[in-house]
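Residues per chain, in single letters:
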Amino acid sequence: MTANPDTLIKGCLQNDIQSQERLYKLCYPDMIKICYRYAKDAAGAGTIYNNAMLKIFKGIGNYKEEGKLMGWVKTVVVHCCIDYCKQQHAFKPLDSYQYAEDISIKPEVFNKVSAKEIQQLIKQLPGATAAVFNMYVYEGFTHKQIGEQLGISDGTSKWHVSEAKKILKQKLDRFSETELKTNAAG
């Protein structure tokens, strides 16, 4: 049984446990995916999601109904992901940095790699680099916004994105070579 958002919000404002549970379950499928992008494992993703929902239940009175409820929930979840990353990873400012040249990946690689496999490759990036890359690519933050959120410079943010692209390209190139050798042998 699906409750409408207004009913859920009213129930949550009254600390109704059933309303909170329904909102928790309603948000879970979409929001846990976001949490997984920032956590290395299921336990970390669960921690982020539970912290986010706790903030949502405590702050539901701040929801202004100016947008969609799920948009507001996503904003809270993303901020909890960022907080989690700040606790887990040291974001060190870089005095000097070099950006990789324009990185191009052979288009045919994407025909052989699933979105899930790409997400697994992103999880293999160093923690701080993965966090910045996710904020930039998935959440659409600018380098300035990332810097403000993580307490780093725009240049450090740019370096992390560049480094992530460089590492991902290397991994995708190796993946492509392995696939080609497997197909040639088979």
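Only a predicted model underlies this, so the values are computations on that prediction, with no experimental measurement involved.

Draft legend 1. The arrangement of the environment of Ser162 in detail. Within the secondary structure layout, Ser162 lies in helix H8 (residues 154-185). As for Ser162 and Thr129, which are separated by 33 residues in sequence, their C-alpha atoms are 9.1 Å apart.

Draft legend 2. Examining the packing of helix H6 (residues 127-137) against helix H7 (residues 143-150) more closely. Here H6 crosses H7 at 135 degrees, and the two axes come no closer than 10 Å. Between H6 and H7, the angle falls in the class oblique. Here the hand of the crossing between H6 and H7 comes out right-handed. Together, Val132, Met135 and Tyr136 of H6 and His143, Ile146, Gln149 and Leu150 of H7 make up the contact between the two elements.

Draft legend 3. The arrangement of the packing of helix H2 (residues 17-38) against helix H4 (residues 69-88) in detail. Where H2 contacts H4, the axes come no closer than 10 Å and their chain directions differ by 40 degrees. Looking at the two axes, H2 sits oblique to H4. Here the hand of the crossing between H2 and H4 comes out right-handed. On H4, the residues that touch Leu23, Leu26, Cys27, Asp30, Met31, Ile34, Cys35 and Tyr38 of H2 are Leu69, Met70, Val73, Lys74, Val77, Val78, Cys81, Tyr84 and Cys85.

Draft legend 4. Layout of the side chain of Asn134. Secondary-structure assignment places Asn134 in helix H6. Residues contacting Asn134, with those up to four places away along its chain left out, are Arg37, Tyr38, Ile122 and Glu139.

Draft legend 5. Up close: empty space enclosed by the protein. By the definition in use, this model includes one cavity of 30 Å³ or more. In this structure, the largest cavity spans a volume of roughly 70 Å³. The wall of the largest cavity is formed by Arg37, Tyr38, Ala39, Lys40, Cys85, His89, Lys123, Gly127, Ala130, Ala131 and Asn134. Elements that contribute at least two residues to the lining of the largest cavity include exactly H2 and H6. Counting residues per element, the lining of the largest cavity draws most heavily on H6, which supplies four residues.

Draft legend 6. Broad picture of unusual backbone geometry. Of note, Asn15 is a non-glycine position whose phi angle comes to about 60 degrees, a positive value. As for its placement among the helices and strands, Asn15 is situated in the loop between helix H1 (5-13) and H2.

Draft legend 7. Representation of the packing of aromatic side chains within the structure. Inspection of the entire model under this criterion finds four aromatic pairs. Arranged with centres 6.4 Å apart and planes meeting at 25 degrees, the rings of Tyr24 and Tyr28 form a pair that is stacked. With Tyr24 and Tyr28 both in helix H2, this residue pair falls four residues apart, about one helical turn. Taking the centre distance of 5.4 Å and the plane angle of 50 degrees together, the rings of Tyr63 and Trp72 count as tilted. Residues Tyr63 and Trp72 agree in their burial class; the two are buried. Among the aromatic residues, those joined into a cluster by ring pairs are Tyr24, Tyr28 and Tyr49. In this structure, Arg37 packs its charged tip against the face of Tyr138, placed 4.2 Å from the ring centre.

Draft legend 8. Representation of the pattern of salt bridges within the structure. If you walk through the whole model with that rule in mind, you get six salt bridges. Across the pair Lys74 and Glu139 runs a salt bridge, and its minimum N-O distance is 3.9 Å. Of the two residues, Lys74 is situated in helix H4 and Glu139 in the loop between H6 and H7; the sequence distance between them amounts to 65 residues. Across the pair Glu163 and Lys166 runs a salt bridge, and its minimum N-O distance is 3.2 Å. A residue pair is termed a helical-turn pair when its members lie 3 or 4 positions apart in one helix, as Glu163 and Lys166 do in helix H8 at three residues. Residue Glu163 is classed as buried on the basis of its relative accessible area, which comes to 18%. Each of Arg37, Lys74 and Glu139 takes part in salt bridges that share partners, so that together they form one network.

Definitions and cut-offs
Along each chain, residue indices are assigned from 1 in the same order as the chain's sequence is written. Where local features are concerned, this predicted model is filtered to residues with pLDDT of at least 70; where side-chain atom pairs are given and counted, the filter is 80 or more; whole-chain, interface and lining totals use all residues. Computation of side-chain values covers all heavy atoms of the structure but excludes hydrogens and water. The helix count covers DSSP runs of H or I at least four residues long, the strand count covers runs of E at least two residues long, and both are numbered beginning at the N terminus. Axis geometry follows a simple rule: fit a line to the C-alpha atoms, using only the stretch in contact for helices, then measure angles between N-to-C directions, giving values from 0 to 180 degrees. Angular relationships are summarised with four words: roughly parallel below 35 degrees, roughly antiparallel beyond 145, roughly perpendicular across 65 to 115, and oblique for the angles in between. Crossing handedness follows the turn of the near helix against the far one: under a right angle anticlockwise gives a left-handed crossing, and clockwise gives a right-handed one. Pairs of residues are marked as contacts when any of their non-hydrogen atoms sit within 4.5 Å. Space inside and on the surface of the protein is sampled on a 1 Å grid over the protein atoms alone, with a cavity defined as a set of points where a 1.4 Å probe fits but cannot get out and a pocket as an open set with protein on both sides within 12 Å along at least 5 of 7 lines; lining residues have an atom within 4 Å of a point. Grid points are joined across faces, edges and corners, and a volume is the space filled by probe spheres set on the points. In summary, the pairing rule links any two rings of Phe, Tyr or Trp, Trp by its six-membered ring, whose centres are within 6.5 Å, and it sorts them by plane angle into stacked for under 30 degrees, edge-to-face for over 60 and tilted for everything else. Any residue under 20% of the maximum accessible area for its type is buried, any over 50% is exposed, and the rest in between are partly exposed; the area is computed with a 1.4 Å probe on protein chains only. In this analysis the charged atom, NZ for Lys or CZ for Arg, is taken to sit over a ring once it is within 6 Å of the ring centre and within 35 degrees of the ring normal. Throughout this description, the term salt bridge denotes a Lys or Arg side-chain nitrogen within 4 Å of a carboxyl oxygen of Asp or Glu.

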